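Survey of secondary and tertiary structure
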Amino acid sequence: MGFLATKIKADSDLADAYIRDINLAFDFIIAKILRQGETIVPKGNVQLKVGDIVVMAGRSYFDVVGTDLLEFRINDYNNWVNKKIKNIHLDHEFLIVLVLRDDNELIVPNGDTKIREGDTVLVLDAKGIEG
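What follows covers the pairing of strand β8 (residues 120-125). As paired elements, strand β5 (residues 69-73) and β8 share five bridges and run antiparallel to each other. When the bridges of β8 are listed, Leu70 appears paired with Val123. For strand β6 (residues 94-100) and β8, the ladder comprises six bridges, and the chain directions are antiparallel. The residue bridging Val99 from the neighbouring strand is Val121, located in β8.

And the structure:
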């Protein structure tokens, strides 16, 4: 079992949604909600608000091989700094799946996401999966 946390942003589909109306199509649950320093039990009649931290619980993934998910921090001399992902040459076996900003913002990237100095980047290496 593992936990994930995400912050509800103003443009999120979850802003103002009631827990009972959220269709979780994955095998995880909302374990708790943090709102302005207080813990809220996520019962059906609770409405999510912008700024809430939603903590989810689900099955953890452990990379037994240790080679298919690569994590590294972007430093000032990395040639990815200030480049959009679509302009970074990656072999087709690699995919940038997550970017963590210094302010603890998790970004699910797209081609227009710009990599910044200090970002932590999670890359999927399909070659590592195939062995």
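The next thing to look at is the environment of Met56. For Met56, the position within the fold is in strand β4 (residues 53-58). Taking the C-alpha atoms as reference points, Met56 and Ile30, 26 residues apart in sequence, are found 4.4 Å from one another.

A word on the pattern of salt bridges. Applying the stated rule across the entire model yields four salt bridges. For Arg35, the salt bridge identified is with Asp52, shortest N-O distance 2.7 Å. One end of the pair, Arg35, is in strand β2 (residues 28-35); the other, Asp52, is in the loop between β3 (38-40) and β4, and 17 residues separate them in sequence. A relative accessible area of 22% places Arg35 in the partly exposed class. In this structure, Lys86 engages Asp112 in a salt bridge whose closest nitrogen and oxygen atoms are separated by 2.7 Å. Taken together, the residues span a long stretch of sequence, with Lys86 in the loop between β5 and β6 and Asp112 in the loop between β7 (106-107) and β8 at a distance of 26 residues. Judged by relative accessible area, Asp112 falls into the partly exposed class, the value being 45%.

Turning our eyes to something else, we now look at the sheet that holds strand β1 (residues 2-7). Strand order in the open sheet made by the four strands is β1-β4-β2-β3, with antiparallel pairing throughout. Unpaired on one side and paired on the other, β1 and β3 mark the two borders of the sheet. On average, each strand axis in the sheet is inclined to that of its neighbour by 30°, with strand direction left out of account.

Bringing unusual backbone geometry into the picture now. Notably, Asp16 is not glycine yet its phi reads approximately 70°, a positive angle. Along the chain, the position of Asp16 falls in the loop between β1 and β2. The class for Asp16 is partly exposed, based on a relative accessible area of 46%. The phi dihedral of Asn82 is positive, around 65°, even though this residue is not glycine. Within the secondary structure, Asn82 is located in the loop between β5 and β6.

The rules behind the values
Per-chain numbering applies: the sequence of each chain, read as written, is numbered from 1 onward. Per-residue local features of the predicted model are confined to residues with pLDDT of at least 70, and side-chain atom pairs are confined, for both listing and counting, to 80 or more; whole-chain, interface and lining totals are unaffected and use all residues. Hydrogens and waters are ignored; side-chain quantities use all the structure's heavy atoms. In short, DSSP must find at least two bridges between two strands for them to pair. Each helix is a run of DSSP H or I of at least 4 residues and each strand a run of E of at least 2, with the numbering of both proceeding from the N terminus. Each reported salt bridge corresponds to a side-chain nitrogen of Lys or Arg within 4 Å of a carboxyl oxygen of Asp or Glu. Buried means the residue's accessible area, taken with a 1.4 Å probe over protein chains only, is under 20% of the maximum for its type, while exposed means over 50%, and partly exposed covers the values in between. Interaxial angles span 0 to 180 degrees and are taken between N-to-C directions of axes, which are lines fitted to C-alpha atoms, for helices over the stretch in contact.

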